[in-house]
Amino acid sequence: MANAESGTGSPLSPDSSPPSGGFPTTRDGLMRRIADTDMSGPPEAIRTAFASLFPPAPPLPRRTIGGVPCGVAGPEGAPPALWLHGGGLVLGSPDTHAAAVRHVARVAACRIVVPDYPLAPERPWPAQRDACLAVLDALPGAVPVIGDSVGGQLALILAMRRPGRVSGLALISPNTDRTGRSTTRERTSDLMNDDAGDRGFARMAFGDADPRDVEVSPLLGDLSVLPPTLILTAGAEILQDDGLLLARAASLAGADVTLRTWPGLWHLWPLWPDILPEARAALDAVADRVAR
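Residues numbered from 1 in each chain as written. Predicted model: local features only at pLDDT ≥ 70, side-chain atom pairs only at ≥ 80, totals over all residues. Heavy atoms only, no water.

## With respect to the side chain of Arg-47
Point 1. Structurally, Arg-47 is set in helix H2 (residues 43-51).
Point 2. In this structure the side chain of Arg-47 is engaged in a polar contact, spanning 2.8 Å, whose partner is the side chain of Glu-44.
Point 3. Here Ala-120 takes part through its backbone oxygen, which lies 2.8 Å from a polar atom of the side chain of Arg-47.
Point 4. Ignoring sequence-local partners within four residues, the contact set of Arg-47 consists of Val-90, Leu-91, Leu-119, Ala-120, Pro-121 and Glu-122. (Helix = DSSP H or I, 4+ residues; strand = E, 2+ residues; numbered from the N terminus. Polar contact = N/O pair within 3.5 Å; in protein donor to acceptor, adjacent residues only side chain to side chain. Contact = heavy atoms within 4.5 Å.)

Structure follows, in structure tokens:
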């Protein structure tokens, strides 16, 4: 996938030929689709390109919760869970995550709420955090929270700001530290992400905020208040060490942490459950955490 700033593709691409016909249905076809997608240009162009990485699917039904538009999946009246989508606070929506959300809702027999929070740079931080907090505050009782990539960052912030309201965390490739502790951010092996693009999105959202701010780098926050937490990482992604650092720090702080790694996979691999068996396995682990 092309970098939001540099316009360079990933070396994981099996070849440079575009997929023929409709959306690819194989791993190699998906890899070509990601590698050949240009993620340069203004935010609206990047958002359209990002959305093109996912097979066409019916949009999630919408409801307004806590004053925030949300996508929902799962039967009315089922126990609620909250999913905070990734995309660097610049990209993504409930619909880019629809296949993964529906899979977890079905397996966990729950009703998943996905806030369609405002995106940067049009709405800079903390608009995203405040929208997600508003949705959490409007849901009854303590709820499990799922977050992927920067959605994992948002999930950690909610758990630390509302201890007791988050019953459990399932974090997929969470973005946890922007202070330079990670040893994997300079990798070139991640098909979906690179450090230049991640930094570019952070500048759009956070501006010149101090990277040591505990909400910019939740790794530095009070992790002792976290509920039982599942962390999923991919072996080839640039954010792998973000997850490993979080698992270590949270465990040392006394939190109940489970860490699982999928070797060779790229950032956000669980978003393609209809193509990748590893995506279905990861989402089943998320569903198991939510069902508890």
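## Here we look at the packing of helix H3 (residues 98-108) against helix H8 (residues 277-291)
Point 1. Relative orientation of the contacting elements H3 and H8 amounts to 50 degrees, with a least axis distance of 9 Å. It follows from the interaxial angle that H3 and H8 lie oblique. Crossing of H3 over H8 shows right-handed handedness. Residue-level inspection shows Ala-100, His-103, Val-104, Val-107 and Ala-108 of H3 in contact with H8, the latter providing Arg-280, Leu-283, Asp-284, Val-286, Ala-287, Val-290 and Ala-291. (Axes fitted to C-alpha atoms, helices over the stretch in contact; angles between N-to-C directions. Parallel < 35°, antiparallel > 145°, perpendicular 65-115°, else oblique. Left-handed = near helix turned anticlockwise from the far one by under 90°.)

## Considerations on the confidence of the model for the chain
Point 1. Across the chain, the average pLDDT comes to 93, with 93% of residues at 70 or higher.
Point 2. The low-confidence segment residues 2-20, where pLDDT is below 50, has 45 contacts with residues more than four positions distant or belonging to other chains. (pLDDT = per-residue confidence, 0-100.)

## Section: the nonpolar core
Point 1. Core analysis: the biggest nonpolar cluster contains 94 residues, and Trp-83, Ile-112, Trp-266, Trp-269 and Trp-272 have the highest contact counts within it.
Point 2. It is helix H5 (residues 150-161) that contributes the most residues to this core, eight residues altogether.
Point 3. With residues up to four places along the chain from it excluded, the contact list for Trp-266 reads Leu-30, Met-31, Ile-34, Asp-190, Leu-191, Met-192, Ala-234, Glu-237, Trp-272 and Leu-276. (Core = buried A, V, L, I, M, F, W, Y, C linked by side-chain atoms within 4.5 Å. Buried < 20%, exposed > 50% of the residue type's maximum accessible area, 1.4 Å probe, protein only.)

## Brief notes about the pattern of salt bridges
Point 1. Taken as a whole, this structure holds 20 salt bridges when the rule is applied.
Point 2. Of the charged contacts in the structure, one is a salt bridge between Asp-116 and Arg-62, with a shortest N-O distance of 3.7 Å. Of the two residues, Asp-116 sits in the loop between strand E4 (111-115) and helix H4 (127-138) while Arg-62 sits in strand E1 (residues 62-65), which places them 54 residues apart along the sequence.
Point 3. What makes Asp-116 partly exposed here is its relative accessible area of 27%.
Point 4. Note that Arg-181 is salt-bridged to Asp-177, the shortest N-O span being 3.7 Å.
Point 5. Among the residues examined, Arg-181 registers a relative accessible area of 44% and is labelled partly exposed.
Point 6. One continuous salt-bridge network, built from bridges that share partners, spans Arg-178, Arg-185, Asp-195, Asp-198, Arg-199 and Asp-242. (Salt bridge = Lys/Arg side-chain N within 4 Å of Asp/Glu carboxyl O.)

## Let's talk about the pairing of E1
Point 1. Note: E1 against strand E2 (residues 68-73), four bridges, orientation antiparallel. Pairing of Thr-64 across the sheet is with Pro-69, part of E2.
Point 2. Where E1 folds back onto E2 in an antiparallel hairpin, the turn is made up of two residues, including Gly-66, whose phi is positive at roughly 60 degrees. (Pairing = 2+ DSSP bridges.)

## What about H8?
Point 1. With 15 residues, H8 extends 21 Å between its outermost C-alpha atoms, agreeing within 8% with the 21 Å of an ideal straight helix rising 1.5 Å per residue.
Point 2. Residues of H8 that are buried: Glu-278, Ala-279, Ala-282, Leu-283, Ala-285, Val-286, Ala-287, Arg-289 and Val-290. (Expected span 1.5 Å × (residues − 1).)

## Description of the sheet that holds strand E6 (residues 166-172)
Point 1. Reading across the sheet, the eight strands line up as E1-E2-E4-E3-E5-E6-E7-E8 and stay open at both edges, with mixed pairing between neighbours. A single partner strand is all that each edge strand has here, and the edge strands are E1 and strand E8 (257-262). Sheet twist, expressed as the average angle between the axes of neighbouring strands with direction ignored, equals 25 degrees.
Point 2. Running over the sheet, H5 touches strand E3 (80-84), strand E5 (143-148) and E6 and is turned about 160 degrees from E6.

## Thoughts on unusual backbone geometry
Point 1. Omega for the bond connecting Ala-120 with Pro-121 falls within 30 degrees of zero, at 0 degrees, which places this linkage in the cis form.
Point 2. Geometrically, the link from Trp-125 to Pro-126 is a cis peptide bond, its omega value of 10 degrees lying close to zero.
Point 3. Note on placement: Pro-126 falls in the loop between E4 and H4.
Point 4. The backbone of Ala-109 sits at a positive phi, close to 55 degrees, despite the residue not being glycine.
Point 5. Among the secondary structure elements, Ala-109 is positioned in the loop between H3 and E4.

## So, the environment of Asn-193
Point 1. Relative to the helices and strands, Asn-193 resides in the loop between E6 and helix H6 (195-206).
Point 2. For the pair Asn-193 and His-267, spaced 74 residues apart in sequence, the C-alpha separation works out to 6.5 Å.
Point 3. Ignoring any residue separated from it by four or fewer positions in sequence, one finds Asn-193 in contact with Asp-198, Ile-238, Leu-239 and His-267.

## Some words on the packing of aromatic side chains
Here a ring pair, both rings aromatic, is described through the centre-centre distance and the interplanar angle of the planes.
Point 1. As enumerated under the stated definition, the model contains four aromatic pairs in all.
Point 2. Both rings, one in Phe-50 and one in Phe-54, keep their centres 5.2 Å apart while their planes meet at 75 degrees; by these two values the pair is edge-to-face. Here Phe-50 matches Phe-54 in class, with each residue buried.
Point 3. Taking 5.1 Å as the distance between ring centres and 15 degrees as the angle between the ring planes, the aromatic pair formed by Phe-54 and Trp-272 counts as stacked. (Phe/Tyr/Trp six-rings, centres within 6.5 Å; stacked < 30°, edge-to-face > 60°.)

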